[in-house]
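Okay, here's what each chain looks like letter by letter:
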2 protein chains.
Amino acid sequence: MPLSLRKNHSPEPPEPCALTQCFSFLAGQWAPNVIWHLRAGPRRFGELRHDIPPISAKVLTTRLRELQERGIVERHERATSPPSVEYSLTELGAELLPALEAIVSVGERLKARGARSA
Amino acid sequence: MPLSLRKNHSPEPPEPCALTQCFSFLAGQWAPNVIWHLRAGPRRFGELRHDIPPISAKVLTTRLRELQERGIVERHERATSPPSVEYSLTELGAELLPALEAIVSVGERLKARGARSA
DNA sequence: CGGTATCCTGTGGGATACTG
DNA sequence: CAGTATCCCACAGGATACCG
């Protein structure tokens, strides 16, 4: 049976590629971590910087700006001295959490079962 | 209240960073797509190449080799002419599917609600 | 504290050509 | 068909320095 006649599995990811679409919300290896560390509530820039292993200020800023533009996180600035800025998930952003939780839980399981990760 | 005294949210991702660990299984933007297109059963190299939007042979090979080493996919070669090679998910690899499904479904929802993705 | 500006690098990934 | 071999590049991300 020629290859060309083989039915295309993947009855069709509802869109050209829903997966890719979806991963675009998590673009850059740090975005998921940012979202993750905001899951319990608002958090300040410096806190995020320390929460998330070794992320540079530059990259953190960049990711936060992106996530803002995509409506995933919100920025709240308070005019104090020294300055204080809090970031939090929007309602939209919160919707990503179940997916991240799924990823975490499967990651744990795989690790427990001895899968190599790098 | 000084920043340093603020309780660390994220009661602790069970490990240093389970999320990161977990994402490492999906490293490279294509890996998830490979896994995804194997979800319905074994698939040949050329089929994957055509299933997955515009992935180059080189990259597909690379990702497949990696996923093999991590015990996520299996390679089955048949000594025919022309050669035929099928790839499939291992039991371990199949465990990633629920997470991918979660990602897809949330991606759909976000798109429907007008979130920008890039 | 919460960033920006600059510079630099690694590497994921594309294009093209070739092979068993 | 199922790759390998080369070459090449964009760009995510790190380091360092500086600013309001």
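The model shown is predicted, which means the values in this text are computed figures rather than measured ones.

Conventions adopted
Residues numbered from 1 in each chain as written. Chains lettered and ligands numbered in written order. Predicted model: local features only at pLDDT ≥ 70, side-chain atom pairs only at ≥ 80, totals over all residues. Heavy atoms only, no water. Pairing = 2+ DSSP bridges. Helix = DSSP H or I, 4+ residues; strand = E, 2+ residues; numbered from the N terminus. Salt bridge = Lys/Arg side-chain N within 4 Å of Asp/Glu carboxyl O. Buried < 20%, exposed > 50% of the residue type's maximum accessible area, 1.4 Å probe, protein only. Contact = heavy atoms within 4.5 Å. Axes fitted to C-alpha atoms, helices over the stretch in contact; angles between N-to-C directions. Phe/Tyr/Trp six-rings, centres within 6.5 Å; stacked < 30°, edge-to-face > 60°. Lys NZ or Arg CZ within 6 Å of the ring centre and 35° of its normal. Near = heavy atom within 4 Å. Polar contact = N/O pair within 3.5 Å; in protein donor to acceptor, adjacent residues only side chain to side chain. Expected span 1.5 Å × (residues − 1). Arc of directions from axis to C-beta. Nonpolar A, V, L, I, M, F, W, Y, C, P; charged D, E, K, R; others polar. Parallel < 35°, antiparallel > 145°, perpendicular 65-115°, else oblique.

Asks: Is there a simple way to think about the pairing of strand β2 (residues 73-78) of chain B in this case?
Replies: A regular strand carries its side chains on alternate faces of the sheet. All names here are of chain B. Note that β2 and strand β3 (residues 84-89) share 6 bridges and pair antiparallel. Each bridged residue has a counterpart across the sheet, and for Glu-77 the counterpart in β3 is Val-85. Between the end of β2 and the start of β3, which pair antiparallel, lie 5 residues.

Asks: For this particular structure, what's the right way to read the pattern of salt bridges?
Replies: Working definition: two side chains of opposite charge can pair if their charged atoms are close together. What the rule picks out here adds up to 18 salt bridges over all chains. Salt-bridge contacts for Glu95(A) lead to Arg113(B); the nearest nitrogen and oxygen are separated by 2.0 Å. Placement of the pair is Glu95(A) in the loop between α5 (91-94) and α6 (97-112) and Arg113(B) in the segment after α6 (97-112), with the two residues belonging to separate chains. Taking the relative accessible area as the measure of exposure, Glu95(A) reaches 13% and is therefore buried. Of the residues examined, Arg113(B) reaches a relative accessible area of 41% and is grouped as partly exposed. What you see here is one network of salt bridges that share partners, running through Glu91(A), Glu95(A), Arg109(B) and Arg113(B).

Asks: Got a minute to help me understand the sheet that holds strand β2 (residues 73-78) of chain A in this structure?
Replies: Strands belonging to one sheet form pairs held by backbone hydrogen bonds; the direction of such a pair is parallel or antiparallel. Residues and elements named next belong to chain A. A sheet is described by the order of its strands in space; here 3 strands give the open sequence β1-β3-β2, paired in antiparallel fashion. Each edge of the open sheet carries a strand with a single partner, namely β1 (43-44) and β2. Relative to the sheet, helix α4 (residues 57-69) contacts β2 and β3 (84-89), its axis offset from that of β2 by approximately 115°.

Asks: Sorry, what's going on with the packing of aromatic side chains here?
Replies: Any pair of aromatic rings gets described here by the distance separating the centres and the angle formed by the planes. Enumeration over the complete set of coordinates arrives at 0 aromatic pairs over all chains. Here Arg39(A) stacks its cationic end above the ring of Trp36(A), 4.0 Å away from the centre of that ring.

Asks: Would you explain the sheet that holds β3(B) in this entry?
Replies: All names here are of chain B. With antiparallel pairing, 3 strands are arranged side by side in an open sheet as β1-β3-β2. In this open sheet, the two strands that pair with only one neighbour each are β1 (43-44) and β2. Contacting β2 and β3, helix α4 (residues 57-69) runs over the sheet at an angle of about 115° to β2.

Asks: Would you take a moment to explain the protein's contact with DNA strand C for this structure?
Replies: Neighbouring DNA strand C are 22 residues; Arg75(A), Tyr87(A), Gln29(B), Lys58(B) and Arg63(B) lie closest to it. Atoms of DNA strand C within 4 Å of the protein belong to the sugar or the phosphate in 70% of instances, the rest to bases. Within the side chain of Arg65(A), an N or O atom sits 3.1 Å from a phosphate oxygen of DNA strand C. Contacts to DNA strand C include Arg63(B), whose side-chain N or O atom sits 2.7 Å from a phosphate oxygen. Those elements giving two or more residues to the surface near DNA strand C turn out to be α3 (45-51), α4 and β3 of chain A together with α4 of chain B.

Asks: I tried to follow α4(A) on my own but got confused; where do I start?
Replies: Residues lying three or four places apart along an α-helix face the same way, a consequence of the helix completing one turn every 3.6 residues. Residue and element names in this part refer to chain A. Its 13 residues give α4 an end-to-end C-alpha distance of 18 Å, which sits within 8% of 18 Å, the value for a rise of 1.5 Å per residue. Of all the positions in α4, only Leu-60, Arg-63, Leu-64 and Leu-67 are classed as buried. With its buried residues spanning 100° around the axis, α4 presents them on a single face. Facing away from the buried side of α4 by over 90 degrees, the exposed positions are Lys-58 and Glu-69. Where α4 is buried, its residues touch α2 (31-37), α3, β2 and β3. Taken from the residues just after α4, Gly-71 is the one with a positive phi, measuring 75°.

Asks: Whenever I open this one, the protein's contact with DNA strand D confuses me. Can you help?
Replies: Surveying the vicinity of DNA strand D reveals 22 residues, the closest of which are Gln29(A), Lys58(A), Gly46(B), Arg75(B) and Tyr87(B). Near the protein, within 4 Å, the atoms of DNA strand D are sugar or phosphate in 71% of cases. Between DNA strand D and the protein, one listed contact pairs a phosphate oxygen with a side-chain N or O atom of Arg65(B) at 3.3 Å. At 3.2 Å, a backbone N or O of Val85(B) approaches a phosphate oxygen of DNA strand D. Counting only elements with at least two residues in the surface near DNA strand D, the list comes to α4 of chain A together with α3 (45-51), α4 and β3 of chain B. For the surface near DNA strand D, the per-class residue count stands at 10 nonpolar, 6 polar and 6 charged.

Asks: Could you clarify how one ought to interpret the packing of α6(A) against α6(B) in this entry?
Replies: Between two packed helices, what matters for the description is the angle formed by their axes and the separation of those axes. It is at 8 Å that the axes of α6(A) and α6(B) come closest, and there the two elements cross at 170°. Taken together, the axis directions place α6(A) and α6(B) in an arrangement best described as roughly antiparallel. Two secondary-structure elements touch here, α6(A) through Ala99(A), Ala102(A), Ile103(A) and Val106(A) and α6(B) through Ala99(B), Ala102(B), Ile103(B) and Val106(B). When grouped by side-chain class, the residues that make up the contact of α6(A) with α6(B) number 8 nonpolar, no polar and no charged.

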